[in-house]
Amino acid sequence: MAPIQPPQAERDFGGYAGFEGDGGDAFPRSRKVVRYGVPVAIAGVAAATIGLGTALASTGGSPSLPNITAEQLLDKIATSKVQTVSGSVQVTTDLGLPDGLLNGAVGGATGGGGPFGQHGGKGGGGSTADPQAKLTELISGTHTLRVAADGPDRQRVSIVDNTAEYTVVHNGDQMWAYDSASNSVYHQTADKGAQRGHRTHRDEQLPATPQEAVRQALKNVGPTTSVTVDGTARVAGQQAYKLLVKPKQADSTIDSIRVAVDAANGVPLRFTLTPKGGGAAAVDIGYTKVNFGKPAASTFDFSVPRGAKVTEGKDNGEDRGAQDHGGLSGLNVIGKDWNSIAELKSEGGQLPSGKGGQSESVQGLLGSFGHRVKGSFGTGTVINTRLVNVLITDKGAVFAGAVNQNALVKAANSAAN
Amino acid sequence: MSLAEPLVRNPSPLWSLGLLRSELGTVFRRWRTLVLLGVLATVPVLVGIAVKAQTHGDQGGHGPAFIAEVTNNGLFLVFTALAVTLPFFLPMAIGVIAGDAIAGEASAGTLRYLLVAPAGRTRLLLAKYASVMVFCLVATLVVAASALLVGAVLFPLGDVTLISGVTVPFSDGLLRAAAIAGVVAVSLIGIAALGLFISTLTDSGIAAMATTVGVLITVQIMDGVPQLHAVQPLLFSHYWLSFADLLRAPVMWDGLAKDLGLQALYTAVFGSAAWARFTTRDITA
């Protein structure tokens, strides 16, 4: 077959464009360069757009708002009347916990210690839809939540997973939780008194929304805290003041807490906690989308899906409290404000654990994650995380708090005397 | 030549359709293609039988996505089957077809004859890409249809519980299933463009297929390594499973938009790279 040599004007239309025959390059190099420039240009424009987008999103522009004092801003938060909210929340936690600890074996040891301590033990009859077990997942990594609230009695929170979702709906005295990955439902009914108990219980949990986080953090505001207004920011499209909270007590592991407060209605939109060790924030909870309109009433309806396995939960908070601190007698708080240290004594000089059988594995974990310390109290093991440090003495007492190791040893010494 | 030029430059649109039709014929008349589709159709059957056989076992939220709901509603077998085939089976099939598109013709020695026809290289490339995209859709629909059939035979159908815990009518669920199949098919056009580009680089069909599938596996591994989280949002497979967001109430669009945007980007970059390469290379086979 004779080579088909298209004329210049028709080179697009193919054929046999060989080098041979015309004694030169059938396709000029410059044209080639131009054509290859197209994909390169597209990739370049895309990269620039993405880069510009992230740059804009991170600075976000600082809206110019009238000056405000820290007191006025705190007052704004306290008197905020917003009862309805819906939106998406991104929760990023990097507490520096050793991976093995996250599996819950030592949950009992850290339970109740420090402002963000988790409650250990997977109570509630082992249902995968149990909120206790599920919310513990928030303690590490990045999670997207969808929240809706209409007053204190009606809330809905969904933890958005890759191909699954975990939803908690609270409506009056009904609390439903649905886990789509296992198609199971957890249900809890509370009478009025128990409901209050449940609420208190929730206070001590890892906060899931900026509002909750701020409420917990500002409990400590007093003479030991410096609170200043640190400029403005744009969060989830809202104009916000930035509140900077710094502990004055040197032993605290917390460097600073930043709170973005909606300038219009005083709702905290973002909460960032930076530890003294530097690096990324240990806790970063913020709205990525927010809407203060009233969510549709149907948002808070729940009907049990067909075929779902329903687990009935225990219906009051006291019962759960006893479960959480099983085996422990006496929770004692040493120190004040940011230097608070929780002291827990376990019965019979045993290391605390949810179930007796776990004790050995707990000890094994302690050996691998902690390091030994000595003091006038005797010897013990300290487990360091970015935020909370825990001292477990060989006699079985536990000291935990968002304070440095020296403060823990000091507390243990004074407790021993 | 000046007389011939307009004829060559403006073939009627019908002519283009004819080219696409002949390309589709080339793709779908192959035994290889039919075997690929057959394998894809068996996946839902296997998953369905496995779930049916183990109905009374533990379903503690482990296993492929949505599998816990399959026993209650056969429609969920569609979602499970797509979630199971999307990471490797489907894109591998696409890689085979796309990688073979140009290089296969070249290694069979038929590319030069194709180019003798006054279609033009750009037009031929577009027809090739269009036929690969049609294959993306057909492959996805084969998986979905097979899953729906198996699901209807083995399990009850009825109102659909979305993963947000909200129950919607079956018709709504079916509509969402169709939308999901569409999203999955579109999710594959990124790797289709990549495969087509690789296909223009070589004269060996096998090499192009192997390279495309190799790239797919590499990308999937990279997407699973936490240390590479900085580049992961740019991998074509990163947002594939966001099709599940269509099963939420209300639907979450962020992930879907990112997935489709990424596919468009890959199509633009590698499609134009394929064009640059194919229209400037020497066709010697």
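For every chain, the first residue of the written sequence is number 1, and numbering continues from 1 along that sequence. To label them, take the chains in the order written and letter them from A, then take the ligands in the order written and number them from 1. For this predicted model, a pLDDT threshold of at least 70 governs which residues receive local features, and a threshold of 80 or more governs which side-chain atom pairs are given and counted, while totals over whole chains, interfaces and linings are taken from all residues. Neither water nor hydrogens contribute to the side-chain values; these are computed over all heavy atoms in the structure.

- By the naming in an unreviewed UniProt entry, chain B goes by ABC transporter permease and is assigned to Streptantibioticus rubrisoli.

- Chain A has the name DUF2092 domain-containing protein in an unreviewed UniProt entry, where Streptantibioticus rubrisoli is given as its organism.

### Details of the packing of aromatic side chains
Here comes step 1: Stacked, edge-to-face and tilted are the three classes for Phe, Tyr and Trp ring pairs, Trp counted by its six-membered ring, which pair at centre distances within 6.5 Å; planes under 30 degrees apart are stacked, over 60 edge-to-face, the rest tilted. Enumeration according to the criterion identifies 11 aromatic pairs over all chains in this entry.
Here comes step 2: On the basis of an interplanar angle of 50 degrees and a centroid distance of 6.4 Å, the ring pair of Y178(A) and F302(A) is categorised as tilted. Separated by 124 residues along the polypeptide, Y178(A) in strand β5 (residues 174-179) and F302(A) in the loop between β11 (283-291) and β12 (309-312) bring together distant segments of the chain. Each member of the pair, Y178(A) as well as F302(A), carries the same accessibility label: buried.
Here comes step 3: With 6.4 Å between their ring centres and 50 degrees between their planes, F66(B) and F243(B) make a pair best called tilted. Linking F66(B) in the loop between α3 (31-53) and α4 (67-70) with F243(B) in the loop between α11 (205-224) and α12 (254-280), this pair joins segments that are 177 residues apart in sequence.
Here comes step 4: Remark: exposure states derive from per-residue accessible area (1.4 Å probe, protein chains only) relative to the maximum for the residue type, with buried under 20%, exposed over 50%, and partly exposed in between. For F66(B), a relative accessible area of 7% puts it in the buried group.
Here comes step 5: The class for F243(B) is buried, based on a relative accessible area of 0%.
Here comes step 6: An aromatic cluster is built from F197(B), F236(B), W240(B), Y266(B) and F270(B), whose rings are joined through pairwise contacts. Strands here mean DSSP runs of E at least two residues long; helices mean DSSP runs of H or I at least four residues long; both are numbered from the N terminus.

### Topic: a nonpolar patch on the surface
Here comes step 1: To count toward a patch, a residue needs a relative accessible area above 30% and no salt bridge. Like charges then connect within 9 Å, nonpolar side chains (Val, Leu, Ile, Met, Phe, Trp, Tyr) within 5 Å. Per-residue and other accessible areas were derived by the Shrake-Rupley procedure at a 1.4 Å probe size, with only the shown protein chains allowed to occlude residues. For this analysis, a salt bridge means a side-chain nitrogen from Lys or Arg found within 4 Å of a carboxyl oxygen belonging to Asp or Glu. Nonpolar side chains collect at one region of the surface, where F88(B), M92(B), I217(B) and I221(B) lie side by side and expose about 320 Å² of accessible area between them.
Here comes step 2: Classification of I221(B) as exposed rests on a relative accessible area of 52%.

### Comments concerning helix α2 (residues 70-78) of chain A
Residues spaced three or four apart along an α-helix point in a common direction, a consequence of the helix completing one turn every 3.6 residues.
Residue and element names in this part refer to chain A.
Here comes step 1: Looking only at α2, the buried set comprises A70, L73 and I77. Buried positions in α2, seen along its axis, are confined to an arc of 65 degrees and lie on one side of it. With respect to the buried face of α2, the exposed residues turned more than 90 degrees away are E71 and A78. This arc is taken over the directions from the axis of the helix to the C-beta atoms.

### Side note on unusual backbone geometry
Peptide bonds are mostly trans, and most non-glycine residues show a negative phi.
Here comes step 1: Note that the residue after A249(B), namely P250(B), is joined by a cis bond; omega there is -5 degrees.
Here comes step 2: Summarising the element assignment, P250(B) is placed in the loop between α11 and α12.
Here comes step 3: Residue N183(A) is not a glycine yet carries a positive backbone phi of 50 degrees.
Here comes step 4: Looking at the element boundaries, N183(A) is found in the loop between β5 and β6 (184-189).
Here comes step 5: The exposure class of N183(A) is buried, given its relative accessible area of 3%.

### A short note on the pairing of strand β15 (residues 371-375) of chain A
Residue and element names in this part refer to chain A.
Here comes step 1: By definition, two strands form a pair when at least two bridges between them are found by DSSP. Of the strand pairs in this sheet, β15 and strand β16 (residues 378-384) are connected by five bridges, and their pairing is antiparallel. By the bridge assignment for β16, G375 is matched with G378.
Here comes step 2: Hairpin connection from β15 to β16: two residues lie between these consecutive antiparallel strands.

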